[in-house]
Structure formats: C-alpha cells, structure tokens
Amino acid sequence: SQQGEEDPQALSIQEGENATMNCSYKTSINNLQWYRQNSGRGLVHLILIRSNEREKHSGRLRVTLDTSKKSSSLLITASRAADTASYFCATFFSGTYKYIFGTGTRLKVLA
Amino acid sequence: DTAVSQTPKYLVTQMGNDKSIKCEQNLGHDTMYWYKQDSKKFLKIMFSYNNKELIINETVPNRFSPKSPDKAHLNLHINSLELGDSAVYFCASSQEVAGLEDNEQFFGPGTRLTVL
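Model, not experiment: these values are computed from the prediction. The numbers attached to residues start from 1 for each chain and follow its sequence in the written order. Just so you know, chain letters begin at A and ligand numbers begin at 1, following the order they were written in. With pLDDT at 70 or above as the cut-off, local features in this predicted model cover only qualifying residues; side-chain atom pairs require 80 or more to be listed or tallied, and sums for whole chains, interfaces and linings still use all residues. Calculated side-chain values reflect all of the structure's heavy atoms, with hydrogen atoms and water omitted.

Draft legend 1. The arrangement of the interface of chain B and chain A in detail. The interface is formed by 26 residues belonging to chain B together with 21 residues belonging to chain A. By buried area we mean how much accessible surface two parts lose on assembly, using a 1.4 Å probe and totalling the loss over both. Buried surface at the junction of chain B and chain A, both sides included, amounts to about 2,100 Å², of which 52% is carbon and sulfur. One side-chain nitrogen of Lys or Arg within 4 Å of one carboxyl oxygen of Asp or Glu is enough to make a salt bridge. Viewed at the interface, chain A and chain B are joined by 0 salt bridges. Polar contacts, as used here, are pairs of N or O atoms within 3.5 Å; protein pairs need one atom able to donate a hydrogen and one able to accept it. Residues neighboring in sequence count only if both atoms are side-chain atoms. Summed over the shared surface of chain B and chain A, the result is 2 residue pairs in polar contact (both at pLDDT 80 or more). Numbering goes from the N terminus for both helices and strands, where a helix is a DSSP run of H or I of at least four residues and a strand is a run of E of at least two. Looking at the side of chain B that touches chain A, the elements with two or more residues in it are strand S4 (31-37), strand S5 (43-50), strand S6 (53-57) and strand S9 (87-94) of chain B. A total of 5 residues in the side of chain B that touches chain A trace back to one element, the largest contributor, which is S5 of chain B. Two residues qualify as a contact provided that any one of their heavy atoms is within 4.5 Å of a heavy atom in the partner residue.

Draft legend 2. Representation of the nonpolar core within the structure. Ranked by size, the top nonpolar core spans 22 residues in total, and within it Met 21, Leu 32, Trp 34, Leu 74, Ile 76, Tyr 87 and Leu 107 of chain A carry the most contacts. Secondary structure elements with two or more residues in this core: strand S2 (10-14), strand S3 (19-24), strand S4 (31-37), strand S5 (43-50), strand S7 (61-66), strand S8 (71-76), strand S9 (85-92) and strand S11 (105-110) of chain A. Excluding residues within four positions of it along the chain, Tyr 87 of chain A makes contact with Glu 6, Met 21, Tyr 35, Arg 36, Leu 46, Leu 74, Ile 76, Gly 104, Thr 105 and Leu 107 of chain A. In this structure, Tyr 49, Val 60, Ile 78 and Ala 87 of chain B belong to the second largest nonpolar core, which totals 20 residues. By convention a nonpolar core is built from buried Ala, Val, Leu, Ile, Met, Phe, Trp, Tyr and Cys residues, the set being connected through side-chain atoms within 4.5 Å. Relative accessibility under 20% of the residue-type maximum defines a buried residue, over 50% an exposed one, and the middle range a partly exposed one, all with a 1.4 Å probe and only protein chains included.

Draft legend 3. A look at the pattern of salt bridges. All names here are of chain B. With the rule as written, the count across this model stands at 5 salt bridges over all chains. Between Arg 63 and Glu 82 there is a salt bridge whose closest N-O contact spans 3.4 Å. Here Arg 63 is found in the loop between S6 and strand S7 (64-70), whereas its partner Glu 82 is found in the loop between strand S8 (73-78) and S9, with 19 residues between them in sequence. Within the structure, one salt-bridge network assembled from shared partners comprises Arg 63, Glu 82 and Asp 85.

Draft legend 4. Geometry of the sheet that holds S7 of chain A. Residue and element names in this part refer to chain A. The strand order across the open sheet formed by 5 strands is S1-S3-S8-S7-S6, and the pairing between neighbours is antiparallel. At either margin of the open sheet sits one strand with a lone partner, and together these are strand S1 (5-7) and strand S6 (55-58). Recorded for the sheet is a direction-independent mean angle of 15 degrees between the axes of neighbouring strands. One ladder, built from 6 bridges, connects S7 with S8; its direction is antiparallel. When the bridges of S8 are listed, Leu 61 appears paired with Ile 76. Whether two strands pair depends on DSSP finding at least two bridges between them. Under this scheme, a helix contributes an axis fitted over its contacting stretch, all axes are lines through C-alpha atoms, and angles between N-to-C directions fall in the 0 to 180 degree range.

Function cannot be inferred from these measures alone, as they are strictly geometric.
Structure below.
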C-alpha cells in the first residue's frame with residue numbers, strides 16, 4: 001500500500017500544551033500537505049511544504065520535512081480545545097493527479 | 001458561497017439498490033476527486049478526473065461509475081449496493097497546473113452512506 005502512516009494514532013493533551021504528530025510516506029513527492037478534519041466534516045487544508053523546504057510556519061503551526069527519511073512532522077503550539085480534530089498528511093507528486101493520505105492522528109485537547 | 005458541495009449529506013438504503021451522489025465545485029478547478037473514508041478514518045482515493053477525463057481509477061469495483069458532465073461536476077453512481085460500501089464519500093477539487101506546486105485540495109462536506 002502506498003498509504004502513508006502517521007503516529008501517534010491518537011493524542012490527548014491539555015489546553016496550552018504543544019501537540020506533535022508525525023507522518024511517514026513512501027513515494028517521491030513535490031509537496032506534502034497537512035489537513036484537519038473536524039468530526040463529521042470534510043478535510044480542510046492547513047499548510048503545504050514543498051520538497052525543497054525543510055521547515056514552514058503558519059500561525060501556531062510548524063511543519064518540518066525530511067525527504068531523506070521520507071517523514072514530516074506537524075507541531076501545534078499552545079493548543080486550544082478548538083484544535084480537537086483528526087489531522088492527516090497528504091503527499092503529492094506532480095502529474096499523478098493523486099494525493100496519498102496518511103492514516104491520521106486523532107487529537108483531543110482537554111480544556 | 002460553498003466551494004465544493006455534495007448532495008445528499010446522508011444516504012440510507014437497502015442492499016442491492018442503485019444510488020447517486022452529486023458533487024459540484026465553483027472554484028474553477030480542472031481536477032476533481034472522489035474519496036472513500038471508512039470506519040477507521042482511512043481516506044482512499046477512488047477516482048480522479050481532469051477536465052472531464054478519467055485520470056485515476058484506483059481498483060474500484062465497476063459497480064462504481066463516476067460521471068463528469070462538465071469541469072464543475074463529478075457525480076458518483078453506485079449500482080447494486082453492498083454492505084461494505086457503507087462509508088463516508090468525499091468529493092474534492094484542486095487546480096493541477098504544470099509546474100505549480102502549491103495545489104491544495106478543497107473538500108466537500110461528505111456523504112455518509114449506510115447500506116442496510
């Protein structure tokens with residue numbers, strides 16, 4: 001299976017703490033993207049990092065990419081209860097018209 | 001104002017029936033997708049269409065037949081529904097441009113299909 005894997009599968013933290021989730025993938029990529037899925041909703045794009053980038057920030061989000069290890073991490077700082085959701089990484093290779101999603105991390109932020 | 005819309009949101013039907021799910025995007029994107037998300041939340045691509053042409057068919061049973069009447073629509077028709085078809089189906093779109101690397105996907109709200 002080409003599907004990427006994420007760990008942990010589930011993460012429970014207190015509000016204000018940082019949350020880190022990791023993604024490993026198998027194929028060559030042009031970019032890697034992180035998405036959030038709130039319960040019962042569609043996925044929402046959070047951040048994209050290109051294959052030639054190592055780190056990217058967007059608000060409280062920090063993404064790293066290590067193409068030699070085929071892995072990425074998403075850090076959410078100062079988490080809030082509203083961050084409770086499932087987080088998915090997705091890899092994309094230009095010309096394939098195909099995004100390969102990871103297995104997802106379910107984050108629960110306790111108030 | 002909804003970028004990607006799907007109907008219906010919920011679909012409950014008996015085994016053996018035929019049903020359709022509709023998807024429309026108003027973003028002007030060239031590429032549309034159907035995904036299946038199972039009970040374990042695994043998200044698997046089913047089909048990808050670019051400019052109304054089928055690009056990807058990920059070993060989906062031929063009971064599933066996508067149809068793209070125009071770039072803005074990608075409908076999914078399912079024949080002879082089976083219990084294992086129960087899942088949430090998501091439509092998505094993106095703009096695939098040669099050399100463009102910043103191509104996020106926009107997802108619809110999903111259709112929860114329950115086959116009894």
